[in-house]
Amino acid sequence: EPYLLSGHLDGIDTLGSENFIGDNKTTKKMIAAQYWKQYEPNVQIKGYDLAGSILYPDLGIKGVRIDAAQTLVGGARFGARVFYSSDTLRAEFLTDLEWWIRQAERFAQDDYWPMNMANCAICPFNGICSKEPDKREMYLNANFHKQFWNPLRER
């Protein structure tokens, strides 16, 4: 089956003579060096960069610019950072993406979906995976609503 790489680009930013895919973020975290580390490397940011370079070849996209807003009780703080890319980095990302797609195909063929325990802290299903395997479906049905995502639906 064909695959669709999907996302929502917030815009295109121009800084001087350089063009970037623009992405807007909100956070409760302080916008400092540690905050920016989560975006380099980052599959969403690399995907936006790749898509921008393919969709807008005449613009010579240089990477992604993130505008972040820290939400506070009495207001907000703002920050911005540019994440540069290159054709070499894009080619590497595409190669990695193709490898991961082949892995997902294999999981589907084998009907086996191994846990990725490196991401448990941020996973909404965190509590499910610690249950006995034969009881997980029951917990999923009791605690989650199944909704099929359509990436082509307008937001």
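Note: the structure precedes this text.
Values in this document were obtained by computation on a predicted structure and should not be read as measured data.

What counts as what
Residues numbered from 1 in each chain as written. Predicted model: local features only at pLDDT ≥ 70, side-chain atom pairs only at ≥ 80, totals over all residues. Heavy atoms only, no water. Phe/Tyr/Trp six-rings, centres within 6.5 Å; stacked < 30°, edge-to-face > 60°. Helix = DSSP H or I, 4+ residues; strand = E, 2+ residues; numbered from the N terminus. Buried < 20%, exposed > 50% of the residue type's maximum accessible area, 1.4 Å probe, protein only. Lys NZ or Arg CZ within 6 Å of the ring centre and 35° of its normal. Pairing = 2+ DSSP bridges. Salt bridge = Lys/Arg side-chain N within 4 Å of Asp/Glu carboxyl O.

## Overview of the packing of aromatic side chains
The full count for this structure, using the stated rule, is 9 aromatic pairs. Their ring planes at 55° and their centres at 6.3 Å tell us that tryptophan 36 and phenylalanine 83 sit as a pair that is tilted. With tryptophan 36 in helix α1 (residues 33–37) and phenylalanine 83 in strand β4 (residues 75–84), the pair connects residues that are 47 residues apart, well separated along the chain. The class for tryptophan 36 is buried, based on a relative accessible area of 8%. We classify phenylalanine 83 as buried; its relative accessible area is 4%. An aromatic cluster is present here, built from Tyr35, Trp36, Tyr39 and Phe83 joined pairwise through their rings. Of note, lysine 131 hangs over the ring of tyrosine 139, and the distance from its end group to the ring centre comes to 4.8 Å.

## Quick look at the pairing of strand β1 (residues 11–15)
As paired elements, β1 and strand β2 (residues 18–27) share 5 bridges and run antiparallel to each other. Note on β2: the bridge partner recorded for leucine 15 is glutamate 18. Remark: 2 residues form the turn of the hairpin made by β1 and β2, two consecutive strands paired antiparallel; glycine 16 in that turn has positive phi of roughly 65°.

## Thoughts on unusual backbone geometry
Of note, the amide linkage connecting glutamate 40 to proline 41 takes the cis form, showing an omega dihedral of 0°. Relative to the helices and strands, proline 41 is located in the loop between α1 and α2 (43–55). Its identity as a non-glycine residue notwithstanding, aspartate 111 has a phi of 50°, on the positive side. For aspartate 111, the position within the fold is in the loop between α3 (87–110) and α4 (126–129). For aspartate 111, a relative accessible area of 63% puts it in the exposed group.

## Digging into the pattern of salt bridges
The tally for this structure, following the rule as stated, stands at 6 salt bridges. Between arginine 65 and aspartate 67 there is a salt bridge, with the nearest N and O atoms lying 3.0 Å from each other. Ionic pairing is found between aspartate 87 and arginine 90, a salt bridge with its closest N-O pair at 3.2 Å. Of the two residues, aspartate 87 and arginine 90 both sit in helix α3, 3 residues apart, roughly one turn of that helix. Given a relative accessible area of 62%, aspartate 87 falls into the exposed group. What you see here is one network of salt bridges that share partners, running through Asp49, Asp87 and Arg90.

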